[in-house]
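Analysis of the macromolecular model
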Amino acid sequence: MAFAIDEINRNSNLLPNVTLGYSLYDNCANLEIGFRAALSLVSGREEQFLLDETCVGTPPVVGIVGDSTSTNSIAISSVLGLYRVPMVHAMIQILKHFDWTWVGLLISDDDYGLHAARSFQSDLVQSGRGCLAYLEVLPWDNDQDELRRIVDVVRQNVTGLQWITSEAWTAATALHTPHLTPYLAGTLGIAMRRGQIPGLREFLLQTRPDLHHNSSNYGNSMCRFAPPPADWVDAGGALCTGQEDMESVENDFLDVSDLRSEYNVYKAVYALAYALDDMLHCVPGRGPFRGHSCGSLKGLEPWQLVYYLDKVNFTTSFGDQVSFDENGDALPIYDIMNWLWLPDGTTKLQNVGEVKKSAFKGEELRIDADKIFWNFESKKPPRSVCSESCPPGTRMARKKGEPECCFDCIPCSEGKISNDTDSLECTSCPEDFWSSLQRDHCVPKETEFLSYHEPLGIGLTAAALLGTCMCAVVLGIFICHRRTPIVRANNSELSFQLLLSLKLCFLCSLLFIGRPTLWTCQLRHAAFGISFVLCISCILVKTVVVLAVFKASKPGGGASLKWFGAMQQRGTVMVLTSIQAAICVAWITSASPVPHENTQYYNGKIVYECVVGSTIGFAVLLGYIGSLAILSFLIAFIARKLPDSFNEAKLITFSMLIFCAVWVAFVPAYVSSPGKYADAVEVFAILASSFGLLVALFGPKCYIILLRPERNTKKAIMGRGNDT
């Protein structure tokens with residue numbers, strides 16, 4: 001302090017025409033004495049002293065540089081102003097750097113420990129970087145039971161101990177002894193910034209011990225004062241003359257290689273000087289106080305100097321920035337010290353980094369990790385977490401009754417993902433996407449429809465093409481043998497129409513295979529409905545013709561055939577088919593079937609399907625086909641016992657029985673089948689009923705035509721009729 005004030009007084013650019021003085025109080029390591037000294041300073045009741053021959057009296061006290069011990073400073077600052085613990089920020093920065101989230105706090109039972117604990121807890125929570133495993137207060141009375149309890153708590157659930165200590169531990173040489181090295185080696189300690197004060201050693205070498213109390217603090221171990229001051233412990237030695245050679249002495253007083261608390265005192269004095277200089281440069285009428293007034297030395301109020309102190313910003317010769325933040329805290333600068341274990345068992349402190357807060361860059365941490373000695377077998381930074389991080393694909397679930405750092409990792413449910421570590425929630429995938437197996441990203445949903453590339457689709461396609469080919473073959477056989485009695489006797493024109501309609505039935509089933517589009521959705525049901533009505537209409541007309549021919553063969557029944565001539569037969573088929581066409585047009589116009597992406601059947605799939613649009617329209621279409629089929633079945637059933645020469649009714653009865661059975665079974669199977677299987681059921685019903693009609697109606701005829709030609713004669717047919 002004396003050096004800083006002397007340096008400022010000799011600086012013509014800082015506080016010109018103003019001379020600074022100081023009063024030093026020895027608190028004797030006693031809080032009460034230090035507290036009383038501080039109150040004495042601010043009250044102006046300290047003793048008068050001679051500053052120089054031109055300045056006598058009691059100059060105003062513009063600032064107090066506190067004790068080097070934190071507890072005494074806290075006690076004084078609790079009365080004189082606010083107190084915060086910037087050192088805590090440095091510790092939290094180190095925790096953040098090494099991802100240590102599970103920490104215990106040991107504090108001293110004094111103001112310093114309690115303030116630090118409150119600040120540490122608050123900042124730890126605000127930073128979101130961890131939580132406390134425990135907080136224990138070290139007793140002053142050396143209570144062995146309490147110490148053993150604390151030791152048990154500290155070692156509980158901890159695989160290795162990594163200490164981070166305050167500047168008090170770092171400066172305590174008693175902790176650097178060999179018997180504590182196995183436990184404390186590798187410690188990361190916070191130390192006040194070590195600085196350089198150019199010219200300080202030369203200033204100290206110029207001092208000479210004398211008998212005045214105001215300079216007795218410069219005494220050294222070379223000599224003793226006589227008579228000794230009150231309460232002075234006489235250690236012996238020669239009397240001080242004031243001419244001792246200080247340069248030949250090596251002691252703590254002259255050691256300027258590790259200036260830490262001294263460097264802070266130096267910066268504090270300069271901060272007050274710069275604040276006072278700014279205040280004295282205030283232009284009357286432009287000041288910051290009421291009425292734009294300025295502060296003055298004669299009527300200086302402490303709060304006026306504090307205003308300028310908050311705005312101080314200068315850089316020391318060591319390159320450190322000195323200013324204060326919005327809370328009135330000095331921008332902290334700390335050295336990070338590592339307790340290195342030397343081969344001889346002792347501990348050496350080495351600088352491995354620094355923490356500083358800049359007015360422009362915020363808090364900055366620099367650590368040289370390669371220089372750090374870790375007191376673990378791995379020689380690497382330890383892990384310190386209550387629960388390991390939750391990987392992507394999981395979310396954090398707090399454990400009830402435990403700190404927030406203790407949690408379980410719950411896998412995301414289907415359809416949800418988390419792609420970050422330690423996610424609090426799982427997010428839902430978009431509608432067309434699904435969660436991956438690891439639940440860490442969304443993937444496009446699988447698409448499902450009755451495809452030509454899968455076995456089911458291939459099988460149905462093959463069956464449809466087979467049926468189409470069979471119809472073509474049968475049609476070719478009938479054309480080639482169109483003049484034979486068996487073809488002519490069974491109404492060859494209606495047989496040709498029936499074969500063509502069956503061919504359309506087989507082909508329309510292909511519209512149900514492949515990815516649905518608007519035109520296939522509209523065309524598949526229309527083609528299906530019209531093709532089957534055309535087929536059933538031909539069968540119905542054939543059945544009616546069988547009855548008419550039999551009735552005409554009886555006496556007086558010839559007139560009935562005029563109502564069932566070729567034109568009437570064609571007209572009936574066209575009318576019945578036109579009704580179905582009208583139903584399809586009305587259905588498509590009012591509520592057209594459309595393709596739909598169904599995500600309800602399966603969680604991870606999109607099922608492409610055709611929605612019928614109007615259930616009533618679909619029901620009317622099926623109902624009309626069913627009514628024609630039932631009518632054909634009833635008429636054929638009535639005509640089943642007619643003579644064989646005219647009896648195609650047996651074949652029609654059997655074919656209609658197959659047709660009705662297939663479609664009766666289709667309805668519940670279709671309703672209960674999801675997705676592509678509903679289409680497969682409908683295709684199967686189409687193919688099964690088509691094959692049933694083809695085989696039942698044309699199988700026996702082709703058998704006779706190809707394998708039993710002797711029965712394909714008029715005589716054979718008439719002969720069978722006579723036998724009946």
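Residues numbered from 1 in each chain as written. Predicted model: local features only at pLDDT ≥ 70, side-chain atom pairs only at ≥ 80, totals over all residues. Heavy atoms only, no water.

Ranked by internal contacts, the top residues of the largest apolar core, which has 68 residues, are Phe528, Ile539, Phe659, Trp663 and Phe698. If you list the elements that add at least two residues to this core, you get helix H12 (455-480), helix H13 (485-488), helix H14 (492-508), helix H15 (518-552), helix H16 (566-590), helix H17 (615-638), helix H18 (649-672) and helix H19 (676-707). A per-element tally of this core places H19 first, with 14 residues. The next biggest cluster of nonpolar side chains, apart from the first, holds 37 residues, and it includes Val18, Leu259, Val269 and Val312. (Core = buried A, V, L, I, M, F, W, Y, C linked by side-chain atoms within 4.5 Å. Buried < 20%, exposed > 50% of the residue type's maximum accessible area, 1.4 Å probe, protein only. Helix = DSSP H or I, 4+ residues; strand = E, 2+ residues; numbered from the N terminus.)

Looking now at helix H11 (residues 302-309). Of the positions making up H11, those classed as buried are Gln304, Leu305, Tyr308 and Leu309. One side of H11 holds all its buried residues, which, seen down the axis, span an arc of 145°. For H11, exposure combined with an orientation more than 90 degrees from the buried face picks out Pro302 and Trp303. Looking at the buried residues of H11, the elements they touch are helix H10 (261-280). (Arc of directions from axis to C-beta. Contact = heavy atoms within 4.5 Å.)

Moving on, we come to the sheet that holds strand E21 (residues 594-598). Sheet strands associate in pairs through backbone hydrogen bonding, adopting either a parallel or an antiparallel arrangement. Read across the open sheet, the three strands follow the order E20-E22-E21; overall the sheet is mixed. Both edges of this open sheet fall to strand E20 (446-448) and E21, since each of them pairs with a single strand only. Taken pair by pair, the neighbouring strands of this sheet meet at an average axis angle of 25°, ignoring direction. Pairing analysis gives three bridges linking E20 to strand E22 (residues 605-611), with the strands arranged parallel. Considered in E22, the bridge of glutamate 448 is made with valine 607. (Pairing = 2+ DSSP bridges. Axes fitted to C-alpha atoms, helices over the stretch in contact; angles between N-to-C directions.)

Applying the stated criterion across every chain, the model contains 16 salt bridges. Ionic pairing is found between aspartate 6 and arginine 10, a salt bridge with its closest N-O pair at 2.9 Å. Taking the shortest distance from any N to any O, the salt bridge between lysine 399 and aspartate 408 comes out at 3.8 Å. (Salt bridge = Lys/Arg side-chain N within 4 Å of Asp/Glu carboxyl O.)

Let us now look at the state of the cysteines. For the structure shown, the criterion picks out seven disulfides. There is a disulfide in this structure between cysteine 131 and cysteine 405, and the S-S distance comes to 2.1 Å. Residue cysteine 131 is located in strand E4 (residues 131-138), and its partner cysteine 405 is located in the loop between strand E14 (394-398) and strand E15 (407-411); the two are separated by 274 residues in the primary sequence. Considered together, cysteine 131 and cysteine 405 belong to a single accessibility category, that of buried residues. There is a disulfide in this structure between cysteine 412 and cysteine 426, and the S-S distance comes to 2.0 Å. Judged by the sign of its S-S torsion, about -80°, the bond between cysteine 412 and cysteine 426 is left-handed. Within this pair, whereas cysteine 412 is found in the loop between E15 and strand E16 (416-417), its partner cysteine 426 is found in the loop between E16 and strand E17 (427-428), the two being separated by 14 residues in sequence. A single burial state applies to cysteine 412 and to cysteine 426, both of which are buried. The thiol of cysteine 469 is not disulfide-bonded; the next cysteine sulfur, from cysteine 471, is found 9.3 Å away. Unpaired in terms of disulfides, cysteine 535 finds its nearest cysteine sulfur in cysteine 505, a separation of 5.1 Å. (Disulfide = S-S within 2.5 Å.)

Pairing in this open sheet of five strands is mixed, and the strands run E5-E6-E11-E12-E13 from one edge to the other. At either end of the open sheet lies a strand with only one pairing partner, and these are strand E5 (164-165) and strand E13 (362-367). Sheet analysis places strand E11 (residues 333-341) next to strand E12 (residues 347-358), joined by nine bridges and oriented antiparallel. Bridging from a neighbouring strand, isoleucine 333 pairs with lysine 356 of E12.

The subject of this paragraph is H14. Look at H14: 24 Å from first C-alpha to last across 17 residues, which is about the 24 Å you get at 1.5 Å a residue. Among all positions of H14, only Leu494, Ser495, Leu498, Leu499, Ser501, Leu502, Cys505, Phe506 and Cys508 are buried. (Expected span 1.5 Å × (residues − 1).)

With that out of the way, let us pick up a nonpolar patch on the surface. A cluster of nonpolar side chains, namely Met1, Tyr22 and Leu24, defines an oily patch on the protein surface of about 260 Å² accessible area. Within the element layout of this structure, methionine 1 appears in the segment before helix H1 (2-9). Judged by relative accessible area, methionine 1 falls into the partly exposed class, the value being 31%. (Patch = residues over 30% accessible without salt bridge, like charges linked within 9 Å, V, L, I, M, F, W, Y side chains within 5 Å. Areas by Shrake-Rupley, 256 points an atom, 1.4 Å probe, with all protein chains shown as cover.)

Another aspect to go through is the packing of H1 against H10. Interhelical geometry of H1 versus H10 gives an angle of 35° and a closest axis separation of 9 Å. Crossing of H1 over H10 shows right-handed handedness. Contact with H1, carried on its side by Phe3, Ala4, Ile5, Glu7 and Ile8, involves Tyr266, Val269, Tyr270 and Ala273 of H10 and no other residues of that element. Here the residues of the contact of H1 with H10 are counted per class, giving eight nonpolar, no polar and one charged. (Left-handed = near helix turned anticlockwise from the far one by under 90°. Nonpolar A, V, L, I, M, F, W, Y, C, P; charged D, E, K, R; others polar.)

Moving on, we get to a positive patch on the surface. Residues Arg482, Arg483, Arg488 and Lys714 make up a contiguous surface patch of positive charge. Secondary-structure assignment places arginine 483 in the loop between H12 and H13. (Lys, Arg positive; Asp, Glu negative; His and termini not counted. Charge placed at Lys NZ, Arg CZ, Asp CG, Glu CD.)

With that out of the way, let us pick up the environment of leucine 20. Checked against the element boundaries, leucine 20 lands in the loop between H1 and helix H2 (31-43). Residue classification places leucine 20 among the buried residues on the basis of a relative accessible area of 16%. In this structure the C-alpha to C-alpha distance between leucine 20 and valine 62, which are 42 residues apart in sequence, comes to 9.8 Å.

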